[in-house]
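What follows is each chain in one-letter form.
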Amino acid sequence: MTPRSPETPHELSFGHELPPEDSAAPSKGTIRVLQLYPRDMNIYGDWGNALVLAQRLRWHGYTPELLEYNVGDPFPADVDLIVGGGGQDSGQLVIQDDLLSRESTLKQMADDGTPMLVICGLYQLFGKFFKTRLGSVLPGIGILDVETHGTDERLIGNVTVSSPEFGSILGYENHSGQTTLGPGVEPLGTTAKGTGNNSTDGQEGARYRNIVASYLHGSLLPKNPALADFLIRTAVERKYGSFTPGTPDDSYAVLAREHAARRPR
Amino acid sequence: MLYFSVPLGKFVRRVSRLRGGGSALPGLVVEKIDPDFMRRTLSTLPLGVAVVSGTNGKTTTTKMVVELLESQGLKVFTNRTGSNFTRGVAAALLGEVDWRGRLDADVAVLELDEAHAVHFVNKVPPRYSLLLNVLRDQLDRFGEIDKTAELLQHIASRTTGTVVLNREDPRVARIAQTLDGPEVLYFGLDDSLLSTFPNDDDMRAAPGSPVPAAPARPAADVVLRRVGADDADFEYDGATVTTGMKLRGVYNIFNAAAALTLARGVAGARGTGTDQAGLLTALSKVAPAFGRGESLVVDGLPLELVLVKNPSGFRLGLKSFPAAGYATMIAINDNYADGRDMSWLWDVEFDTLRDGGVDQLTGSRAYDMALRLQYDDVAIGAVDTEIAPALAAFIRGGEGKPKRIFCTYTAMLAIRRELSKITTVEVVS
Ligand SMILES: [Zn+2]
């Protein structure tokens, strides 16, 4: 069983379970991973990102503690890493007010350097606003200097991104909001296949401090272990001063990447 | 023009068959030269048209409805070849009408893909519609689940007689509130079975966790009360009946409740009474449709094919067909018909395969599946993206155990093609 945190009573009713721990080696430390709104923002395999962070923490010799934060929950203390996913438009409406009420907490954490991964819907809401096709504006929490405009065009398909930090990143996009970056953020990379943030500038995702924001599902982290390990290393270094990696076996990830890269758009 | 369209369409159909072509061309021809052909022909049916749509289980459910209605002595026209789009219906009609364009049937029962059903009902308002579910399936095609629900809502709004809805799927049940014309009937599940049917909203609920208190649910015409090893209990007309079932898998049997609801509605509309015993006998004899949990025999051992198309279906498949005692293969393709996005594999938990592991993985995305299993600590035998050698190795191995293959749609077609070389497999044209 996942260790439960007393601050998150709703954790019991949601969430997949981690496989049982089988390592007898002493833990190098505990990392608290918070899933943001898994109840309403969990479409397209967002659990995969949380699972990969938790399992790779184990494979590196650390103990993951998986927490969940849903609408109305108390916000857990001492969070080391945050992961948030996409949702349907209806899911975004459900979390909207709650997310705005957590704006200062999340901003503080972001500026303190807490590593975060936000995908698709939460990427958009971490930005300044989402303006729908019909012109109504959903405010975001403005951690990322990005803005998103709803369109009639759905950007769908396999994506390959080349990133200066992480090498090639493989994933799958499915969104109709188009995002443009302001001067306060860097793109995660440029698209070699697929569309990315919008249909004009060939950029995908955003980087700000230790936040990685992206449109890519797939799920993103399983086939991109370099990204997963960046988030893990950052979380561990912030908490324990240094990170001693383990030796995860990434041979399936390598092969899955090779085959995915050859698939049609 | 009108008088020539049917003979010409039939002629094109015959020629395109001779040339080994698909079913779309003759449909296209008749649609072009006689756009009213389909509506005109179907409007002559005394009991009208019934449309079956939804994400999961359309093919098996349509087959059940057809067999149930045939047990009532009705002549049923259906699009049996799996052409579940408008042009396919027109082509199937061409095969059935006589040279003067007359269709000898009492009722049409048509399986239609959600998006194509919308085009169809705009041309031919159905008397009945049966809406099964809205699940996360090929979202890369429809965009969003809520969008799919809107497509089903449109089908319901065009229905002139009776709309049959899944009471347990919130997005489908909600359609009732938007209707004021047609009668609404529901099919439903016993409370004790609700937890075996995760919908995408509570997909993440931990196994065994209590079902959240649901709002009061409307009364259902047919309720599935219990599922046994080879039988099931259905409740309708205030009584519970037990019937043997050849169908396997709870989700197929829930769709039997759907089929019963629709068939009772159609048969009841004749006003000559319904042969209740005949309905149940027919239901007990329904065999799974092509690839939907069917059982073959290979080298004297059972081999089951379980089609998995989306996270809910895969979860149900794993739950319905326990792994113990079986050798297991998983075949994942990412062709258009399978859906290109692999994200869905991460919404399925594979812990039930942890004890025995998976013997063989195959398909264009075999390594995505391997990666998924690695993160659930499930042991993997061999991986080969090529289906033919993987299947051969799987059949050779397995230590005399019965075998089970979970496969996506196009992987299933490839597996059946290979199997047909070594055993007898029903071939669907
Ligand atoms: Zn997305």
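Residues numbered from 1 in each chain as written. Chains lettered and ligands numbered in written order. Predicted model: local features only at pLDDT ≥ 70, side-chain atom pairs only at ≥ 80, totals over all residues. Heavy atoms only, no water.

1. What about the pairing of strand S6 (residues 183-189) of chain B?
Put simply, side chains in a regular strand alternate between the two faces of the sheet.
All names here are of chain B.
Logical step 1: With five of seven residues buried, S6 is to be regarded as a mostly interior element.
Logical step 2: Note that strand S5 (residues 162-166) and S6 share five bridges and pair parallel. When the sheet's bridge partners are listed, Thr-162 is paired in S6 with Glu-183.
Logical step 3: As judged from the three bridges shared by S6 and strand S7 (residues 222-227), these two strands associate in the parallel manner. Among the inter-strand pairings, Phe-187 is bridged to a residue of S7, identified as Val-222. (Buried < 20%, exposed > 50% of the residue type's maximum accessible area, 1.4 Å probe, protein only. Helix = DSSP H or I, 4+ residues; strand = E, 2+ residues; numbered from the N terminus. Pairing = 2+ DSSP bridges.)

2. Brief notes about the pattern of salt bridges
Logical step 1: Going through the model one piece at a time under the given rule, you end up with 34 salt bridges over all chains.
Logical step 2: The residue Arg-207 of chain A makes a salt bridge to Glu-165 of chain A at a minimum N-O spacing of 2.7 Å. You can see Arg-207 of chain A sitting in strand S11 (residues 206-208) and its partner Glu-165 of chain A sitting in the loop between strand S7 (146-163) and strand S8 (167-181), a full 42 residues away along the chain.
Logical step 3: Relative accessible area serves as the criterion here: at 43%, Glu-165 of chain A is assigned to the partly exposed category.
Logical step 4: Here Asp-36 of chain B and Arg-39 of chain B are joined by a salt bridge, their closest N and O atoms 2.7 Å apart. (Salt bridge = Lys/Arg side-chain N within 4 Å of Asp/Glu carboxyl O.)

3. Overview of the confidence of the model for chain B
Predicted coordinates in regions of low pLDDT should not be interpreted in detail.
Logical step 1: Overall, the prediction assigns chain B a mean pLDDT of 84, with 83% of residues at 70 or greater.
Logical step 2: The model gives residues 202-213 of chain B a pLDDT under 50, and that stretch makes 24 contacts with residues more than four places away or in other chains. (pLDDT = per-residue confidence, 0-100. Contact = heavy atoms within 4.5 Å.)

4. Structural notes on the interface of chain B and chain A
Logical step 1: Contact with chain B, which involves 38 residues of that partner, is made by 45 residues of chain A.
Logical step 2: Of the roughly 3800 Å² buried between chain B and chain A on both sides combined, carbon and sulfur atoms contribute 50%.
Logical step 3: Along the contact surface separating chain B from chain A lie two salt bridges.
Logical step 4: Applying the counting rule to chain B against chain A returns ten residue pairs in polar contact (both at pLDDT 80 or more).
Logical step 5: Among the secondary structure elements, those contributing two or more residues to the side of chain B that touches chain A are helix H7 (139-142), helix H8 (145-157), helix H14 (366-375) and strand S14 (380-384) of chain B.
Logical step 6: Looking at the side of chain B that touches chain A, the element that brings in the most residues is H14 of chain B, giving seven residues.
Logical step 7: For the side of chain B that touches chain A, the residue count by class is 13 nonpolar, seven polar and 18 charged. (Buried area = accessible area lost by both parts, 1.4 Å probe. Polar contact = N/O pair within 3.5 Å; in protein donor to acceptor, adjacent residues only side chain to side chain. Nonpolar A, V, L, I, M, F, W, Y, C, P; charged D, E, K, R; others polar.)

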